[in-house]
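Chain by chain, the residues run as shown.
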Amino acid sequence: MKITDLSHPIHEGMTTFPVSWHPMVEITQMGRHGVEARETRKVLLGTHTGTHLDAPSHFIEGGSTIDQIPLDLLVGEALLIDLSYAKPNQEIQVAELEKLIGAERPKRLVLRFDWSDHWGKTDFYSGQPFLSEACGPWLVNLGIKLLGLDTPQADSPFHGRGCDKDSPLHKIFLSQGIIQLEYLTNLKKISSRKFELVALPLNILQGDGSPCRCIAIER
Ligand SMILES: [Zn+2]
């Protein structure tokens, strides 16, 4: 059995989405050996810090929350699609996905761009390849329930708040209850096309998302 960690480590100074509604990570030591005779810390995280899951309520008012996501969706077989040949800012079209997915009908689909190589670099949020808007309804029809990727998001970096469109793919997926697993890493270390995905968010009541420890299991 081979286990691959698909999560970025959490630390102060780590990359976070550069807008006011996503906080920077702060970690403060509280208990100290030699003083309180134990070590403890206060950790300030955003719900979308590092490798994380988006719950429907992230974009859909009244949508289900992270504590309501069925656990059997978060553990199970995933199909890994290799798009690592995509260029920065390349828009992936439906035909491309169609060719790579073939006759498979995955419940969990993971897209590998190797964009995690850009983690911590200035272009992480601006240069990533992304999916065309038409990929949204196409993937809904395909029947996926979870979409994982090693980029910040499936949406174009030119489609954010304050742009001509605000996150159309997030809205398409989350309105259909399709959850998104973002900022994955180490996908290149997975050697098989199908693997067992385990993605466990914190059980935050009414949470719109949560950092996740994600692993891939290959048997
Ligand atoms: Zn998110």
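One structure accompanies this document, and this report is about it. (Residues numbered from 1 in each chain as written. Predicted model: local features only at pLDDT ≥ 70, side-chain atom pairs only at ≥ 80, totals over all residues. Heavy atoms only, no water.)

Observations regarding the environment of His 22
Next, step 1: Among the structural elements, His 22 can be located in the loop between β1 (2-5) and β2 (26-29).
Next, step 2: Taking the C-alpha atoms as reference points, His 22 and Leu 45, separated by 23 residues in sequence, lie 8.8 Å from one another.
Next, step 3: If sequence neighbours within four positions are ignored, His 22 has contacts with Phe 17 and His 48. (Helix = DSSP H or I, 4+ residues; strand = E, 2+ residues; numbered from the N terminus. Contact = heavy atoms within 4.5 Å.)

Observations concerning the coordination of the zinc ion
Next, step 1: Coordination of the zinc ion by the protein comes from His 48 (ND1), His 52 (NE2), Asp 54 (OD) and Glu 182 (OE), over a distance range of 2.0 to 2.4 Å.
Next, step 2: Taken together, the four donor atoms surrounding the zinc ion define angles of 76 to 164° at the centre, an arrangement classified as irregular.
Next, step 3: Counting the intervening residues between successive donors of the zinc ion yields the motif H-x3-H-x1-D-x127-E. With His 52 in strand β4 (residues 52-54) and Glu 182 in strand β10 (residues 179-182), this residue pair connects regions lying 130 residues apart in the sequence. Assigned by exposure class, His 52 and Glu 182 land together as buried. (Donors = N, O, S within 2.8 Å, 3.2 Å for Na, K, Ca; no water. Tetrahedral: all angles 85-135°; square planar, octahedral: opposite > 155°, others 65-115°. Buried < 20%, exposed > 50% of the residue type's maximum accessible area, 1.4 Å probe, protein only.)

A word on helix α3 (residues 135-142)
Next, step 1: All of the buried residues in α3 are Cys 135, Gly 136, Trp 138, Leu 139 and Leu 142. Here the buried residues of α3 occupy an arc of 170° about the axis, which is enough to place them on one side.
Next, step 2: Contacts from the buried residues of α3 go to β6 (91-92), α2 (94-101), β7 (108-112), β8 (130-131) and α4 (168-175). (Arc of directions from axis to C-beta.)

Thoughts on the pairing of β10
Next, step 1: Side chains of β10 alternate between two faces, with Ile 179 and Leu 181 and Gln 180 and Glu 182 buried alike.
Next, step 2: Note: β4 against β10, three bridges, orientation antiparallel. Of the residues in β10, the one forming a bridge with Leu 53 is Leu 181.
Next, step 3: Pairing analysis gives three bridges linking strand β9 (residues 146-149) to β10, with the strands arranged parallel. Among the inter-strand pairings, Gly 148 is bridged to a residue of β10, identified as Leu 181. (Pairing = 2+ DSSP bridges.)

Digging into the packing of aromatic side chains
Next, step 1: Going through the model one piece at a time under the given rule, you end up with seven aromatic pairs.
Next, step 2: Ring centres of Phe 17 and Tyr 125 lie 4.8 Å apart, and the angle between their planes is 65°; on these two criteria the pair is classed as edge-to-face. Of this pair, Phe 17 sits in the loop between β1 and β2 while Tyr 125 is found in the loop between β7 and β8, placing the two residues 108 residues apart along the sequence.
Next, step 3: Judged by its relative accessible area of 26%, Phe 17 falls in the partly exposed class.
Next, step 4: Judged by its relative accessible area of 15%, Tyr 125 falls in the buried class.
Next, step 5: Members of the aromatic cluster, joined through ring pairs, are Phe 17, Trp 119, Phe 124, Tyr 125 and Tyr 183. (Phe/Tyr/Trp six-rings, centres within 6.5 Å; stacked < 30°, edge-to-face > 60°.)

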